[in-house]
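This is what each chain is made of:
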Amino acid sequence: LQADAYGAYDGIYTGSSGTILEVGCMAHARNKFTEAESTDPERVLAAKAWVRKLYDVEDEAKAIIAKEKLQGAEAVAVRLRLRQEKSVPLLTSLRHWLLKQKEEVLPKSPIAAAIGYMLNQWDALNRYTSDGDLSIDNNLSERTLKLIGMGRVNWLFLGSDQGGRTAAVLYSFTATCKHLGINAYEYLRDVFERLPTHPVDRLEELLPHRWQVSRA
């Protein structure tokens, strides 16, 4: 589960007995340093430079995948290889720098808060390097959720808790369709028509990304 370090999420990870792993968001970690920019610009610039290099690795992987027209497992393998070769050493050196700076800054300063945030989230922030199918941040989710926030004035009430859960599921499907360039109406119509006769143990075949491949 990828999210920021909001404390309310902690129970999800601790209450799952290890079945739900936390994946951190590097964008949120970087933003903490932005908040300290006015009081410690030099350290902020150094931290952001490290993070920029991590994103450069992601851009490199994206370029290779696009150039070679890779999909699925091949694209995942490219991201994982580059992260292991380049991102892991960068993260190791960044951690050494953070630990050194932690000893030198004022404990209650904004830069100390930024350093503490990143160190406290270290395992979660590194987790994306162990799986090429994970993302370095959850910006996609953040952007998608903004659409719900913008339209909330038009659909303030969902009727019931169950209605809220159903809406969350449908939002997830339509947002995924939008991300994949799928016509959501065509997708939902086809899936709803097939559901009554589709084998229950093969429902994953109807997920948007698999539906798209089968249609192609």
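Each remark here, short or long, concerns the structure printed above.
Rules used in this analysis
Residues numbered from 1 in each chain as written. Predicted model: local features only at pLDDT ≥ 70, side-chain atom pairs only at ≥ 80, totals over all residues. Heavy atoms only, no water. Helix = DSSP H or I, 4+ residues; strand = E, 2+ residues; numbered from the N terminus. Buried < 20%, exposed > 50% of the residue type's maximum accessible area, 1.4 Å probe, protein only. Contact = heavy atoms within 4.5 Å. Areas by Shrake-Rupley, 256 points an atom, 1.4 Å probe, with all protein chains shown as cover. Salt bridge = Lys/Arg side-chain N within 4 Å of Asp/Glu carboxyl O. Axes fitted to C-alpha atoms, helices over the stretch in contact; angles between N-to-C directions. Parallel < 35°, antiparallel > 145°, perpendicular 65-115°, else oblique. Nonpolar A, V, L, I, M, F, W, Y, C, P; charged D, E, K, R; others polar. Phe/Tyr/Trp six-rings, centres within 6.5 Å; stacked < 30°, edge-to-face > 60°. Core = buried A, V, L, I, M, F, W, Y, C linked by side-chain atoms within 4.5 Å. Patch = residues over 30% accessible without salt bridge, like charges linked within 9 Å, V, L, I, M, F, W, Y side chains within 5 Å.

1. Let's talk about the overall build of the protein
Across its full length, the protein holds 10 helices and 0 strands. Each helix (α) and strand (β) of the protein, taken in turn from the N terminus, gives the series α-α-α-α-α-α-α-α-α-α. Projected onto its principal axes, the C-alpha positions of the protein cover 65 × 45 × 35 Å. With 216 residues in all, the protein has 33% of them scored as buried. For the protein, the share of sequence-separated contacts (at least 6 apart) that also reach a separation of at least 24 residues comes to 63%. Entry remark: accessible area of the protein is about 13,900 Å², with carbon and sulfur atoms responsible for 56%.

2. Focus: the pattern of salt bridges
Inspection of the entire model under this criterion finds 14 salt bridges. The partner of Glu-193 in a salt bridge is Arg-189, with the nearest N and O atoms 3.4 Å apart. A residue pair is termed a helical-turn pair when its members lie 3 or 4 positions apart in one helix, as Glu-193 and Arg-189 do in helix H9 (residues 184-194) at 4 residues. You can call Glu-193 exposed: its relative accessible area is 53%. The exposure class of Arg-189 is partly exposed, given its relative accessible area of 47%. A salt bridge links Arg-202 to Glu-205, with the nearest nitrogen and oxygen atoms 2.8 Å apart. Owing to a relative accessible area of 39%, Arg-202 belongs among the partly exposed residues under this scheme. With relative accessibility at 31%, the residue Glu-205 sits in the partly exposed group.

3. Regarding the packing of H9 against helix H10 (residues 208-215)
Packing of H9 against H10 leaves a shortest axis separation of 12 Å and a crossing angle of 90°. Our classification of the angle between H9 and H10 gives roughly perpendicular. Here H9 contributes Glu-186, Tyr-187, Asp-190, Val-191 and Arg-194 to the contact with H10, which in turn contributes Pro-208, Trp-211 and Arg-215. The class makeup of the residues in the contact of H9 with H10 is 4 nonpolar, no polar and 4 charged.

4. What to know about the packing of aromatic side chains
The geometry of an aromatic ring pair is captured by the separation of the ring centres together with the interplanar angle, meaning the angle of the planes. Going through the model one piece at a time under the given rule, you end up with 4 aromatic pairs. Aromatic side chains Trp-50 and Trp-97 sit 5.5 Å apart centroid to centroid with 45° between the ring planes, which places their arrangement in the tilted category. Within this pair, whereas Trp-50 is found in helix H3 (residues 41-67), its partner Trp-97 is found in helix H4 (residues 72-102), the two being separated by 47 residues in sequence. A single burial state applies to Trp-50 and to Trp-97, both of which are buried.

5. Some remarks on the nonpolar core
Ranked by size, the top nonpolar core spans 36 residues in total, and within it Met-26, Phe-33, Leu-98 and Met-118 carry the most contacts. With 9 residues, H3 is the single largest residue contributor to this core. In contact with Leu-98, not counting residues within four places along its chain, are Phe-33, Ile-115, Met-118, Leu-119 and Trp-122. Of all hydrophobic cores here, the second largest spans 6 residues; its members include Cys-177, Ile-182, Tyr-187 and Val-191.

6. Describing the environment of Asn-139
Mapping Asn-139 onto the fold places it in helix H7 (residues 139-151). Sequence spacing of Asn-139 and Cys-25 is 114 residues, and the spatial spacing of their C-alpha atoms is 8.1 Å.

7. Observations regarding a nonpolar patch on the surface
A contiguous nonpolar patch, built from Leu-170, Phe-192, Leu-195, Val-200 and Leu-203 and spanning about 470 Å² of accessible area, is present on the exposed surface. With respect to the element layout, Phe-192 can be found in helix H9.

8. Thoughts on the environment of Ala-49
Within the secondary structure, Ala-49 is located in helix H3. For Ala-49, a relative accessible area of 38% translates into the label partly exposed. Between the C-alpha atoms of Ala-49 and Gly-159, which are 110 residues apart in sequence, the distance is 48 Å.

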